[in-house]
Amino acid sequence: MELSGLISNLALGFSVAVSLQNLIWCLAGALIGTAIGVLPGIGPVATMALLLPATYALPADGALIMLAGIYYGAQYGGSTTAILVNLPGESSSVVTCLDGYQMARQGRAGSALAIAALGSFFAGSVATVAIAVAAPPLTKLAQQFQPADYFSLMVLGLVASIVLAHGSVIKALGMIFLGMLLGLVGTDVNTGNARYTFEIGELFDGIGFVPLTMGLFGIAEIIANLTNAERRDLVSSKVSSLWPSRDELKRSVAPVLRGTVLGGLLGILPGGGAVLASFSSYTLEKKISKTPEKFGTGMVEGVAGPESANNAAAQTSFIPMLTLGIPSNAVMAMMIGGMMMHGIAPGPQVMQQRPELFWGMIASMWIGNLMLVVLNLPLIGIWVRLLLVPYRLLSIAILFFCCIGVYSLNNSANEVLFIAVFGLLGYVLMRLGCEPAPLIMGFLLGPMMETYMRRAMLLARGDANVFIERPLSLAFLVLTGLLLLFIVLPSVGRAREVAFKE
Amino acid sequence: MHRRTFLKSVAASTVTTATITRASAQVASWPDKPVKLILPYAPGGSTDLIGRPWAEKLTQAFGQQFIVDNRGGASGMIGTEAVAKSAPDGYTFLVTPNNTLTILPSLRKVPYDPIKSFAPVARLGDLLCGFVIHPAVGPKTFAELIDYAKKNPGKLSYGSAGLGTATQLRLEMLKFKAGLDILHVPYKGSGEALNDLLPNTVQLMNEINCIPHVKAGKLIMLNINHAERHPEFPDLPTLTELGHPNADVPIWNSIHAPAGTPPEIIAKLNAKIVEIAKTDEMKARMRSIHAATPLQTPAEVAAYQVADMQRNADLIKSANIKLE
């Protein structure tokens, strides 16, 4: 795109986005998003569904600006609970728990929250520019991915999840497989068979992500804290400086930059891209770090990288929706619903026919991110003070919000029971020294890998060579092989054991 | 003895009269509290897009909230079952595409009876769409597609929104009626399927989300799967015009009450829906999402449902479509 065209487009966009009305809708969306992000379980999809009918009364640009605000607001809010109480609000904040929560336990919650907010703002700004400059070519890039390529990318992702654990490789592998098995529960897309559903209606579509992570991370952590007075005091008593030190800021710069690029690229892949973003960034930071053994004990790089990556991915996941009308996740499906309610058919023609809407939304994303960082930095003091609440009260409040959050997802009481079951499982796994993060990756990627593999085989009429004939797929498989070799090779393995045993 | 019987019957008739009076009072004042429209799919899909304008217009017309309650899951069976088990008091209804009532029951065991559990109220919107093909394949018209598919058996693939959805059944019907060999690739929802149609990974589809891309010239629509032509695509013939009578079956959405709901309430709601459907505003709103509302009485909807079920059951049997 020509520079002058781009500037005039952005000028048009900002002229729409800074109208008083749209600024208010943007702020409203960002506020609501932050609030629901902080409340565990209540996600942007449910909120947007509730607000969709209300947006009918608004002009189309105001409505979409507010809905978009809810989405990226939730990304900011979701990391807050991950850091403070080990509850990932969304799939993208799972890895934030690993080091963010450890930082909070060392009294550096404020610093972790500030780094997360600043990293997200930077990544969000860069990704917004990427959408403005390169949406159409990025769309073409994403369309190069065929089912076989997705499959190989998922294989690479799964093998890489071993790195998420900082204990034994065997246990990490076991957790990945357990996660894959849990992910297979539900109706099979290709045959319609029900697997392990025990005639429970809620299991027909598989185990929900929210009950699973809430149980494994949040509830298990509460049980562990309540059984151990020393551990509990660690959470609630120590709160040191609210702001990151100069050293922490310096260490965060490179991870933020890498996370932004990685997240921005993976975010444009429909289905699964955004999930891969934050944990790929974590994997990358751990791999290139000089002190990988310290990851999982409160490394600021483990917060800065993934938080930037997930926000960059959240922004670029708008690309397929804006340019093709294809939702890359459930939130984007809601955005499409919002557009259609205003009589706008999402698709390639939106950019030409409604330029004020297209560019207005893009401009509002940047404004919204700015609002969020302004909003969130002063809030850090309040969030951190939350940790001063006696744990016996805080734990009950967390349980209460978890139950309400899970129930509100599908109005289903069974799902509230699920978090209890997964909470117990999580506690048992914790006592066994098995970490939940690789399990979550297996749970998310396993079923996608199966779907893509069977789809690729179906399209290739049963010819398995498709996985090595396509260059993209072959490249991912070769990378996977190299990574496996690195993990399995005895000498490297020994070194890893030594390095990871602390 | 006689006397006692007489007293009994008097007592009984008093009770009956009282019940009737109460019931008719209930009917006359309906709706005097919010009405729940259970939609058995997640928000954002085509049924949601059709259901929400209706909820809004009915709320205005009756002065009571009509609330859309999305109960997605298990191909729509969870929400549909919830309505089947709801009290037939006129305050819970099902807003559904035809999958749950006229397709799934022929493919698998469902936790409700598609006919006995429900009382049809009205049609809400038929989706106006046809078969859509990627331009790189070659065929530009319906006849050319048939010709191409006959000459290249097994070469083409089509994407659907999932097993047992109307997006699958319509293409299976085409395959069966025209004797074609086209591979079915099921997706989770029509968005995913469209994503693979655009780069020609699959070649065919049948869903309204393709239409913006047809208008942009990225995809070609070959016909209209509806009894009448689409006002925006006046040149595209219907299947009947193309020599396939009885194949012009759209994907259709309707509203149903739990069986046993007072017929007066159903009649009242049906009359209001028909009245709203005739307004230019509602017509325009349905057209903007590529839908049209046929005006039918509850009895006509019931007959249409039975006929559609039978037609799908026959097709599923003769084309040997199975959930393995």
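Because the structure is predicted, anything quoted here is derived from the model rather than measured. (Residues numbered from 1 in each chain as written. Chains lettered and ligands numbered in written order. Predicted model: local features only at pLDDT ≥ 70, side-chain atom pairs only at ≥ 80, totals over all residues.)

Draft legend 1. Expanded view of the overall build of chain B. Across its full length, chain B carries 11 helices and 11 strands. With the C-alpha coordinates aligned to their principal axes, the bounding extent of chain B is approximately 85 × 40 × 35 Å. Residue burial in chain B is summarised as follows: out of 324 residues, 50% are buried. The long-range share in chain B, meaning contacts at least 24 apart out of those at least 6 apart in sequence, stands at 76%. (Helix = DSSP H or I, 4+ residues; strand = E, 2+ residues; numbered from the N terminus. Buried ≥ 20, exposed ≤ 12 C-beta atoms within 10 Å, placed from the backbone. Contact = placed C-beta atoms within 7 Å.)

Draft legend 2. The nonpolar core, seen in detail. Counting residues in each nonpolar core, the largest one holds 244 residues, and the members touching the most others are Leu64, Ile83, Phe151, Met154 and Met335 of chain A together with Leu204 of chain B. For this core, the element with the highest residue contribution is helix α6 (residues 109-143) of chain A, accounting for 18 residues. Residues contacting Leu204 of chain B, with those up to four places away along its chain left out, are Phe131, Val132, Ile133, Leu156, Tyr158, Leu171 and Ile182 of chain B. (Core = buried A, V, L, I, M, F, W, Y, C linked by C-beta atoms within 7 Å.)

Draft legend 3. Structural context of the interface of chain A and chain B. Between chain A and chain B, the residue contacts involve 37 residues of the former and 37 residues of the latter. Counting only elements with at least two residues in the side of chain A that touches chain B, the list comes to α3 (44-55), α15 (330-341) and α20 (436-459) of chain A. The leading source of residues in the side of chain A that touches chain B is α15 of chain A, at 6 residues. Looking at side-chain class alone, the side of chain A that touches chain B contains 20 nonpolar, 15 polar and 2 charged residues. (Nonpolar A, V, L, I, M, F, W, Y, C, P; charged D, E, K, R; others polar.)

Draft legend 4. The arrangement of the sheet that holds strand β11 (residues 291-292) of chain B in detail. All names here are of chain B. Spatially, the 6 strands line up as an open sheet ordered β2-β1-β3-β10-β4-β11, and their pairing is mixed. The sheet is open, and its two borders are formed by β2 (66-70) and β11, each paired with just one other strand. Note: strand β3 (residues 92-97) against strand β10 (residues 252-258), 4 bridges, orientation antiparallel. Its bridge partner being in β10, Thr96 is matched across the sheet by Ser254. (Pairing = 2+ DSSP bridges.)

Draft legend 5. The arrangement of the packing of helix α5 (residues 94-105) of chain A against α6 of chain A in detail. All names here are of chain A. Interaxial distance between α5 and α6 falls to 7 Å at its minimum, and their mutual angle equals 140 degrees. Taken as axis vectors, α5 and α6 run oblique relative to one another. Contacts between α5 and α6 pair Thr96, Gly100, Met103 and Ala104 from the former with Ala109, Ser111, Ala112 and Ala116 from the latter. (Axes fitted to C-alpha atoms, helices over the stretch in contact; angles between N-to-C directions. Parallel < 35°, antiparallel > 145°, perpendicular 65-115°, else oblique.)

All we've got here are geometric facts, nothing functional implied.
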